[in-house]
Amino acid sequence: MSSERKRVRKAVLPVAGLGTRFLPATKAQPKEMLPVVDKPLIQYAVEECIASGIESIIFVTGRRKNAIEDHFDSAPELERFLEEKGKSHQADMVREISGGLHFSYTRQSEAQGLGHAVFCARELVGDEPFAVLLGDVIMDGAVPATRSLMDIWDATGQGAIAVEEVEKARVHLYGIVAATHGNQPRWGDQLLRVNDLVEKPPADKAPSNLGVTGRYVLPPEIFEYLETLEAGAGGEIQLTDALKELAKGPGLWAHIYEGKTHDAGDKLGFLKATVEFALKNPKLGPDFRQYLRELKL
Ligand code: UTP
């Protein structure tokens, strides 16, 4: 690794979307605050940042999203109350939510797409590489997905995105990559060179079945590409279109994540994540498993 190469220290978490797939639950509360077992969705992404060695988080928020700021702020009255009641374990849990990270916030005044949301963070990111995590996707595995992408950046100085194989029937819901073997012995078949990307193609026009899952490590040049973009698929400014430029210019890697990806921004994905995390929960798991066995389906 070159001594000149900047480390990835910051992560951008865009949370300004309208969450229409979860209406009416998301009319007045952020989708990112819906709980999976006992933690809001967004906390899983923040924990991934902590585990990956990120130091600073930039939320791109919008109207009706104040609950996210409150969740990661300190809560002295609550902590004092819990301490006084002898619930110091719970007080510690509340204190540790922010994990010692630095949080900053910027607004996306209108939900004009993921690319636009990332562009809104340009001043706070500055001239350094950064991670992007979609807060409604939980990546669950031995190595945090963002850490894997940061390692690729450290080794190559090029951006990287997480991908996974998606069923043919779901290809039209994803950004899909056209990619070839990366020829990087350290990563073997897990690392691919991205040649092109297509946003939400029909299954018969998709260049592969590898879908972009919601974790990215990007160089600051991405902002130059985003700045010149016109609205793309769905009338939104698509991050995929800027990634395309990155792939054609400085280069972009696709990393096939070995863990499990839960698209919890979708109702079925959310339910599956809830069931799987409940089963894994040391306190709830055994009783919940028993309950599922006894269900007359
Ligand atoms: P999604 O497309 O999953 O979220 O974007 P959405 O638009 O809120 O949901 P639906 O499709 O209407 O149900 C992935 C992430 O990007 C953020 C969302 O908040 C979500 O966490 N996002 C999306 C923005 O911050 N701004 C946008 O303009 C679009």
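Up top you'll find the structure we're talking about.
Residues numbered from 1 in each chain as written. Predicted model: local features only at pLDDT ≥ 70, side-chain atom pairs only at ≥ 80, totals over all residues. Heavy atoms only, no water.

1. Things to note about the overall build of the protein chain
Secondary structure summary: the protein chain contains 11 helices and 13 strands in total. For 297 residues, the compact-globule estimate of 2.2 N^0.38 gives 19 Å, and the C-alpha radius of gyration of the protein chain, at 20 Å, lies within 12% of that figure. When burial is assessed residue by residue, the protein chain has 48% of its 297 residues classed as buried. Partitioning the intrachain contacts of the protein chain with sequence separation of at least 6 by distance along the chain shows that 76% fall at a separation of at least 24. Surface summary for the protein chain: the accessible area is close to 14,900 Å², and the carbon and sulfur share equals 51%. For the protein chain, the centre of its 36 positive side-chain charges and the centre of its 43 negative side-chain charges are spaced 4 Å apart. (Helix = DSSP H or I, 4+ residues; strand = E, 2+ residues; numbered from the N terminus. Rg over C-alpha atoms; globule rule 2.2 N^0.38 Å. Buried < 20%, exposed > 50% of the residue type's maximum accessible area, 1.4 Å probe, protein only. Contact = heavy atoms within 4.5 Å. Areas by Shrake-Rupley, 256 points an atom, 1.4 Å probe, with all protein chains shown as cover. Lys, Arg positive; Asp, Glu negative; His and termini not counted. Charge placed at Lys NZ, Arg CZ, Asp CG, Glu CD.)

2. Here's the deal with the nonpolar core
Across soluble globular proteins, you tend to see nonpolar side chains buried next to one another. Counting 65 residues, the largest nonpolar core has L13, F59, I161 and L243 as its most contacted members. Among all residues touching L243, those that are not within four sequence positions of it are I161, L197, Y216, L218, I222 and L252. Listed in part, the 10 residues of the second largest apolar core include F22, L41, Y44 and I138. (Core = buried A, V, L, I, M, F, W, Y, C linked by side-chain atoms within 4.5 Å.)

3. Let's talk about the site of the ligand
In the vicinity of the ligand there are 17 residues, among which A16, T20, E32, Q108 and G113 approach most closely. Take V15: an N or O atom from its main chain is 3.5 Å from an oxygen atom of the ligand. Between the ligand and R21 there is a distance of 2.7 Å, counted from an oxygen atom to a backbone nitrogen or oxygen. Contact with the protein chains covers 85% of the free accessible surface of the ligand, which is 560 Å². (Near = heavy atom within 4 Å. Polar contact = N/O pair within 3.5 Å; in protein donor to acceptor, adjacent residues only side chain to side chain.)

4. A word on helix 10 (residues 267-280)
What sets the pattern is the α-helix's 3.6 residues per turn: residues three or four places apart point alike. Relative to the 20 Å expected for 14 residues at 1.5 Å per residue, helix 10 spans 20 Å between its end C-alpha atoms, a close match to the ideal helical length. Inspection of helix 10 places G269, F270, A273, F277 and A278 among the buried residues, and these make up the whole buried set. Mapping the buried residues of helix 10 onto a view down its axis gives an arc of 160 degrees, with all of them on the same face. Exposed side of helix 10, more than 90 degrees from the buried face: L268 and L271 are the residues found there. Looking at the buried residues of helix 10, the elements they touch are strand 2 (35-36), helix 1 (41-52), strand 7 (137-140), strand 13 (260-263) and helix 11 (285-294). (Expected span 1.5 Å × (residues − 1). Arc of directions from axis to C-beta.)

5. So, the packing of helix 3 (residues 76-84) against helix 4 (residues 88-95)
In a pair of packed helices, the angle between the axes and the distance between the axes together describe the arrangement. Orientation of helix 3 relative to helix 4, taken along the N-to-C sense of each, is 160 degrees, at an axis distance of 7 Å. Regarding the angle of helix 3 to helix 4, the classification is roughly antiparallel. When the axes of helix 3 and helix 4 are compared, the crossing they make is left-handed. For the pair formed by helix 3 and helix 4, the contact residues are L78, E79, L82 and E83 on the first element and S88, Q90, A91, V94 and R95 on the second. Residues that form the contact of helix 3 with helix 4 fall into these classes: 4 nonpolar, 2 polar and 3 charged. (Axes fitted to C-alpha atoms, helices over the stretch in contact; angles between N-to-C directions. Parallel < 35°, antiparallel > 145°, perpendicular 65-115°, else oblique. Left-handed = near helix turned anticlockwise from the far one by under 90°. Nonpolar A, V, L, I, M, F, W, Y, C, P; charged D, E, K, R; others polar.)

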